[in-house]
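# Coordinate inspection notes
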Amino acid sequence: MTDDALILKTIIDTAHDHFFIVAPDGHIRDVSPGAAAVYGMSCEELCATSVQRLEAEGVLTPSVSLEVIRTGKPTQLVQHTGTGRRVIAQAHPVFQGERLIAVVSRSMDLTDLQLLQQEYALLQRRFSEHLRRGHAIESESGLQGGLQEQELGHLEVKSQLMGEVALLLKRVAPTDATVLMLGESGVGKTAFARQLHRWSSRKEGPFIDVNCAAIPESLFESEMFGYCQGAFSGAAPGGRKGLIEQAEGGTLFLDEIGELPLSVQTKLLKTIQDGSITRLGDRAPRRVDFRLVVATNQDLSARVEEGLFRLDLYYRLNVIPVTLPPLRERREDIPGLVERQLARLNRRYGRDKMLARDVWQALMGWEWPGNVRELENVMERAWLASDDVIQAREVLPSRQVPAAAAPEASGQVTSPTFFPSAVAAGAATEEIGRASDDSRSVTGSRNTAEELWASPGRGDGEGLKETLARVEREILADCCRTLSSTYAIAERLGISQPSVVRKLRQHGLRIG
């Protein structure tokens, strides 16, 4: 056996992933030892058969190698094995000239991924506890207040949730670690990415903001990596720097990273690993130095399972994941955001408008499905539609104004459905309301306010916050008994899946 063959055999035998080397006719030439446990057959048995037969017998379904043999292109998909496992499989063709001589595939057991996710969740929980302890110490010494006043000038952070996010970003800013920002559309991921850049040692460099969903796939490679003169018809004389090169010495922010085409994902992964890029039409690599921050409102792990996102790129990006909660879960931030937007509009249009008293009740009671972006747009529309004083009817149209802010036909005002004191209880009120509306009408509710307040489970001295927390736990416990996943619970309650995970952890609940 030659030296190269011995090296290759050592790589295959010691790799964590499970390798198959398949001939063009589908017969298996070699497999790594770990494949035996995943597919339920010994290495000798696997090497004595073909991928066509394995697929026909249900040992693996579908065969990623067969797909590559059919198409001649690299493929990634989720396989189901005869042992009841799910694996992510990738396969690449090996050509000699134009002739296919082999297919090399590798697979990773999703059980391993789930274990890694559980370990990460444990580490994240411990880190969050550490942050809370540090937050308490800094608050006692007055440092936290100084941080918010001096360092968070570009952000409106009043809630504890967002305070922890800001503190985490402040601590990782001096490093070049990749940050993955998660959260619904409009929660402020771009604003926090910019603030991270301002805190970093690269603050004097450029901040390049790229919306991956806004660039057509046909132009993506040339826009991201640049091109040389003559690379294609219509190329600019002298070529052009790509967005990655433009971020030299600064921060590259890729928003909507989940929309990145698979072909570009491969090149981005190589750039992250090697620290270099190759322009379109060029052969010489160019060194690049930038800090990468990415954001998405999608579940990247689910896209990995669907074969729409590379697993190895997901690992590269998921270094410092930061989840920004929706605005409805941090209502304490609403007043500061409203005041900042009002001041901004007054400066822009040269007027000094004010908010009527009833506006606050409408703003605090609204669900804000579009989060901070919706809040800013609503405020601008109301500012333009009002005279000197902005009224509630101008902030939210009549069909949107909560019952708390809408007068009855008789002219009398109904009791508010949202009380400012409930803000301190977090998002419990909205989830209780949603879960209740899902199963019964408000007027025919089994659990009226009086029944909840006087229920047997209520302990002596239990206040509003404790009651809301107890009822929230009961709702979540019931969902855990009847639903099979955190995604199903999130859909039932109308909240995000990360919120469900956080609240289950908070209440010590598990599904099943």
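For the structure itself, consult the block above.
Here's what I pulled together on the structure shown here. (Residues numbered from 1 in each chain as written. Predicted model: local features only at pLDDT ≥ 70, side-chain atom pairs only at ≥ 80, totals over all residues. Heavy atoms only, no water.)

Let us look at the nonpolar core. Judged by nonpolar contacts, the single largest core of 34 residues is most densely connected at V210, M224, I244, L252, L254, I257 and F309. Taken together, the elements giving at least two residues each to this core come down to strand 8 (207-211), helix 10 (217-225), helix 11 (243-246), strand 9 (251-255), helix 12 (262-274), strand 12 (291-296), helix 13 (300-305) and helix 14 (311-317). At four residues, helix 14 tops the list of elements feeding residues into this core. Those residues within four positions of L252 in sequence are excluded, and the remaining contacts are I208, V210, L243, I244, A247, F290, R291, L292 and V293. Counting residues in each nonpolar core, the second largest holds 24 residues, with L327, V359, V372 and I390 among its members. (Core = buried A, V, L, I, M, F, W, Y, C linked by side-chain atoms within 4.5 Å. Buried < 20%, exposed > 50% of the residue type's maximum accessible area, 1.4 Å probe, protein only. Helix = DSSP H or I, 4+ residues; strand = E, 2+ residues; numbered from the N terminus. Contact = heavy atoms within 4.5 Å.)

Summed over the entire model, instances satisfying the criterion amount to 22 salt bridges. Among the ionic pairs, R106 bridges to D312, the shortest N-O distance being 3.2 Å. One end of the pair, R106, is in strand 6 (residues 99-109); the other, D312, is in helix 14, and 206 residues separate them in sequence. Of the residues examined, R106 reaches a relative accessible area of 29% and is grouped as partly exposed. Two residues, R470 and E474, come together in a salt bridge whose shortest N-O distance is 3.4 Å. Residue R470 and its partner E474 are both found in helix 21 (residues 464-482); the two are separated by four residues, about one turn of the helix. Residue class for R470 comes out buried when judged on its relative accessible area of 14%. Bridged by salt links that share partners, the residues R106, R310 and D312 form one connected network. (Salt bridge = Lys/Arg side-chain N within 4 Å of Asp/Glu carboxyl O.)

Our focus in this paragraph is the pairing of strand 6. Inspection of the sheet shows strand 1 (residues 18-22) paired to strand 6 by five bridges, in the antiparallel sense. Residue pairing in the sheet places V22 in a bridge with V103 of strand 6. Bridge count for strand 5 (residues 86-96) against strand 6 is 10 bridges, and the pairing is antiparallel. By the bridge assignment, H92 is partnered in strand 6 with V104. Between the antiparallel neighbours strand 5 and strand 6 lie two residues, among them G97 with a positive phi of about 70°. (Pairing = 2+ DSSP bridges.)

On to the pairing of strand 1, then. Within a regular beta strand, the side chains point alternately toward one face of the sheet and then the other, so they alternate between its two faces. For strand 1, the tally of buried residues reaches five of five residues, placing the bulk of the element in the interior. What you see with strand 1 is no split at all: H18, F20 and V22 on one side and F19 and I21 on the other are buried throughout. The sheet contact formed by strand 1 and strand 2 (residues 28-31) spans three bridges and is antiparallel. When the sheet's bridge partners are listed, I21 is paired in strand 2 with D30. The loop that links strand 1 with its antiparallel partner strand 2 comprises five residues; one of these, G26, has a positive phi angle of about 100°.

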